[in-house]
Amino acid sequence: MDADAIVIGGGLAGLVAAGELTEAGKRVLVLDQEGEQSLGGQAFWSFGGLFFVDSPEQRRMRIRDSYDLALQDWLGSAGFDREEDLWPRKWAEAYIGFAAGEKRAWLRAKGMRWFPIVGWAERGGYTATEHGNSVPRFHVTWGTGPGIIKPFMDRLREGEKLGLVSLRLRHRVNSFTTTAGVVDGVEGDILEPTKVDRGAPSSRTVVGGFVLKAQTIIVASGGIGGNLDLVRRSWPKRLGNPPQSMICGVPDYVDGRMLGVTEAAGGTIINGDRMWHYTEGIQNWRPIWSRHGIRILPGPSSLWLDARGKRLPAPLFPGFDTLGTLTHLMATGYDYSWFVLSKKIIEREFALSGSEQNPDLTSGSWRKIIQARRGGGAPAPVRAFMQRGADFVVESSLSDLVRRMNDLTGERLLDLAVIEREVCARDREIDNAFTKDAQVTAIRGARNYLGDRLLRVAKPHRLLDPAAGPLIAVRLWILTRKTLGGLQTDLSARVLKADGTTFGNVFAAGEVAGFGGGGMHGYRALEGTFLGGCIFSGRTAGRSAAKL
Ligand SMILES: Cc1cc2nc3c(=O)[nH]c(=O)nc-3n(C[C@H](O)[C@H](O)[C@H](O)COP(=O)(O)OP(=O)(O)OC[C@H]3O[C@@H](n4cnc5c(N)ncnc54)[C@H](O)[C@@H]3O)c2cc1C
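Residues numbered from 1 in each chain as written. Predicted model: local features only at pLDDT ≥ 70, side-chain atom pairs only at ≥ 80, totals over all residues. Heavy atoms only, no water.

As a further point, take the overall build of the protein chain. Counting secondary structure elements, the protein chain contains 19 helices and 20 strands. For 548 residues, the compact-globule estimate of 2.2 N^0.38 gives 24 Å, and the protein chain sits close to it at 23 Å. For the protein chain, the spread of C-alpha atoms along the three principal axes comes to 75 × 50 × 45 Å. Roughly 20,700 Å² of accessible area belongs to the protein chain as shown, and the carbon and sulfur atoms make up 51% of that amount. (Helix = DSSP H or I, 4+ residues; strand = E, 2+ residues; numbered from the N terminus. Rg over C-alpha atoms; globule rule 2.2 N^0.38 Å. Areas by Shrake-Rupley, 256 points an atom, 1.4 Å probe, with all protein chains shown as cover.)

Written as structure tokens, this is what we have:
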């Protein structure tokens, strides 16, 4: 045996699992197809938003949350309706228990801290038992993505020093090995060394092969979002036809290959048709990975128009219902849509997801945050997109704006009269203290929350008010991100076979396992639940494997 355990994938789930194993004194090999520079996987790039329930941050902001409310929201979003949802549902319940219980204290003891103002993602906009967060729950970690991986990277390095961890980088697993029908290792290709920057596509030239043996294997290889062919093949009918053009919210190594490898060894994939892609993607003007897109984390005020300039129906407002919006847009026959907003809105309401797009929060320094936000105005990364982003149009008059929107796509689908009618009607409702416009009501409701009023929601104003201008239009792409289905696992993170039995010694954690069970989110997510899902399932897999 080369080690007690092999962990496939040096992303967050793999790092957490490896740490649990070394704490139990086990010898671990951590394999990754990328080089040293990409350790930490997607989590490094993440915004670091974590879902906590009834946290001190929430209580300080006068947000009353509870396990029961979170469970109600989760089940309303998940919509579990399949026989194979048995384990995903059990994972969901266990995860909400973790998020309402030990999670924050466990991470805090590892040195993590959170920004004091809690964000309100996926607001839903339907009834109490349907999709969405009833209360703000999105806790941004100090240091964003790098702050999330730091304690687990530190633990890995500690394990290396103790001689318990050995990294095998540029090792790409192609299959499992078995002896007498029992999985006892993995084999694969050694890829040529790489010096590319973190997250950039690396060479796939094979320079050798390997076979490594261990008593237990943990698959922590991430999802499929970097593999557009696989995303299209997995695209469910209920979301319409797969988009012809998409941009990628994840690096190329999120290729989904290990799903097929584990399936070939007898593992079961469930809910492969459940995915979480965003509808507010913009092309990164400074790309790192292929077709690199950034997600706008929008406040609720932008006017959302389809490719023909028709306003999206209630409650498909920015930040309310990601998949509801995706379904609607795919039915329009176009892959893109538009935000129309004012400078005043962009300054207050646009945040960009990703550690590199939030240098102030990523620095973890209050001084830098205050410096960056002093004097109002849009944050520097948003300003850079306004100036250099291929999807932004800034103009003083609506007619110029619409003309340039048409120029941008070259499709000439937008009619000034149609857009003017939508904008003027919306502006009339802003001036109306009663209003029948559900988005205007939602904006006013959001401002009842102190966190939104302070940071995230612009004071309601007319879009055509010159004092709020200039006007801005943003072309929005479909942006791939998360894989909600995956390898079916029991509550010990053991991979299940088609007949419901386990391998005994093969575990899965993180996105490859649908964040637990093979899809603990069901159809939809409440946000901030992916990093936490990797931590929870990675911890479970590591602890279970350590017992063998
Ligand atoms: C920009 C961005 C922002 C995000 N923001 C948030 C957020 O705020 N909140 C939140 O909850 N989530 C967020 N997420 C999602 C979250 O970061 C991911 O879901 C999570 O980090 C996935 O971790 P993982 O360990 O499962 O997989 P990954 O990070 O994808 O790691 C898997 C690793 O396995 C390796 N691998 C794959 N196949 C093989 C193979 N065959 N052989 C060897 N190695 C292999 C890969 O190279 C990779 O290093 C964000 C993601 C991105 C990209």
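So much for the structure itself; the text now carries on.
Time to look at the site of the ligand. Taken together, 40 residues are adjacent to the ligand, and Asp-32, Gln-42, Gly-49, Glu-511 and Leu-531 come closest. Within the side chain of Glu-511, one N or O atom sits 2.8 Å away from an oxygen atom of the ligand. In the complex, 99% of the free accessible area of the ligand, which totals 1,000 Å², lies under the protein chains. Of the residues forming the shell around the ligand, the biggest block, four residues, is contributed by helix H19 (residues 529-546). Class assignment for the residues of the shell around the ligand results in 17 nonpolar, 17 polar and six charged. (Near = heavy atom within 4 Å. Polar contact = N/O pair within 3.5 Å; in protein donor to acceptor, adjacent residues only side chain to side chain. Nonpolar A, V, L, I, M, F, W, Y, C, P; charged D, E, K, R; others polar.)

Turning our attention to the pairing of strand E8 (residues 206-219). Relative to E8, strand E1 (residues 3-8) is paired through five bridges, and the arrangement is parallel. Paired with Ile-8 across the bridge in E8 is Val-219. Sheet topology note: the strand E7 (residues 182-191)/E8 ladder contains seven bridges and is antiparallel. Within E8, the residue paired with Gly-188 across the bridge is Phe-210. Bridge analysis of E8 against strand E20 (residues 502-508) gives three bridges, and the strand direction is parallel. What sits directly across from Ile-217, in E20, is Val-506. (Pairing = 2+ DSSP bridges.)

Let's shift gears to a nonpolar patch on the surface. A cluster of nonpolar side chains, contributed by Leu-450, Leu-454 and Leu-455, occupies part of the molecular surface with about 250 Å² of accessible area. Structurally, the position occupied by Leu-450 is in helix H18 (residues 450-456). (Patch = residues over 30% accessible without salt bridge, like charges linked within 9 Å, V, L, I, M, F, W, Y side chains within 5 Å. Salt bridge = Lys/Arg side-chain N within 4 Å of Asp/Glu carboxyl O.)

The next thing to look at is unusual backbone geometry. Put simply, Ala-314 and Pro-315 share a cis peptide bond, and its omega is 0°. Summarising the element assignment, Pro-315 is placed in the loop between strand E13 (303-306) and helix H10 (322-332). Residue Pro-470 is reached from Gly-469 by a cis peptide bond, and omega for that bond is 5°. Relative to the elements of secondary structure, Pro-470 occurs in the loop between H18 and strand E17 (471-483). Here the phi dihedral of Arg-291 falls at roughly 50°; this positive angle occurs in a residue that is not glycine. Relative to the helices and strands, Arg-291 is located in the loop between strand E11 (275-283) and strand E12 (293-298). Using a relative accessible area of 44% as the deciding quantity, one classes Arg-291 as partly exposed. (Buried < 20%, exposed > 50% of the residue type's maximum accessible area, 1.4 Å probe, protein only.)

Let us now look at the pairing of E1. Here E1 lies mainly inside the structure; five of its six residues are buried. With four bridges joining them, E1 and strand E2 (residues 28-32) adopt parallel strand pairing. The residue bridging Val-7 from the neighbouring strand is Val-30, located in E2. On the question of chirality, the crossover connecting E1 to the parallel E2 by way of helix H1 (residues 12-23) is right-handed. (Right-handed = clockwise from strand over helix to strand, strands pointing away.)

With that settled, the discussion passes to the pattern of salt bridges. One pass over the structure, following the stated rule, counts 33 salt bridges. For Lys-213, the salt bridge is made with Asp-184, and the minimal N-O distance between the two is 3.3 Å. With Lys-213 in strand E8 and Asp-184 in strand E7, the pair connects residues that are 29 residues apart, well separated along the chain. Through salt bridges that share partners, Glu-20, Glu-23, Arg-155 and Arg-543 make up one connected network.

For the rest of this paragraph, the subject is the packing of H1 against helix H7 (residues 144-161). At a closest axis distance of 9 Å, the pairing of H1 and H7 adopts a crossing angle of 45°. Accordingly, the angle class assigned to the pair H1 and H7 is oblique. Between H1 and H7 lies a crossing whose hand is left-handed. Residues Leu-12, Leu-15, Val-16, Ala-18, Gly-19, Glu-20, Thr-22 and Glu-23 of H1 form the contact with H7, whose participating residues are Ile-148, Ile-149, Phe-152, Met-153, Arg-155, Leu-156 and Gly-159. (Axes fitted to C-alpha atoms, helices over the stretch in contact; angles between N-to-C directions. Parallel < 35°, antiparallel > 145°, perpendicular 65-115°, else oblique. Left-handed = near helix turned anticlockwise from the far one by under 90°. Contact = heavy atoms within 4.5 Å.)

On to helix H4 (residues 67-78). With twelve residues, H4 extends 16 Å from end C-alpha to end C-alpha; this agrees with the ideal 16 Å at 1.5 Å per step. Turning to H4, its buried residues number three or more, namely Ala-70, Leu-71, Asp-73, Trp-74, Ser-77 and Ala-78. Projected down its long axis, H4 carries its buried residues within an arc of 165°, all on one side. Considering only its buried residues, H4 is in contact with strand E3 (49-51), helix H5 (86-100) and H19. (Expected span 1.5 Å × (residues − 1). Arc of directions from axis to C-beta.)

Quick look at the packing of aromatic side chains now. One pass over the full model with this rule turns up 24 aromatic pairs. With centroids separated by 6.4 Å and ring planes inclined at 45°, the aromatic side chains of Tyr-95 and Phe-98 adopt a geometry described as tilted. Taken together, the residues span about one helical turn, with Tyr-95 and Phe-98 both in helix H5 at a distance of three residues. For the pair formed by Tyr-95 and Phe-98, the shared burial category is buried. Taking the centre distance of 5.3 Å and the plane angle of 80° together, the rings of Phe-317 and Phe-320 count as edge-to-face. The exposure class assigned to Phe-317 is buried, which follows from its relative accessible area of 6%. When the ring centre of Trp-106 is taken as reference, the NZ or CZ atom of Lys-110 above it lies at 4.4 Å. (Phe/Tyr/Trp six-rings, centres within 6.5 Å; stacked < 30°, edge-to-face > 60°. Lys NZ or Arg CZ within 6 Å of the ring centre and 35° of its normal.)

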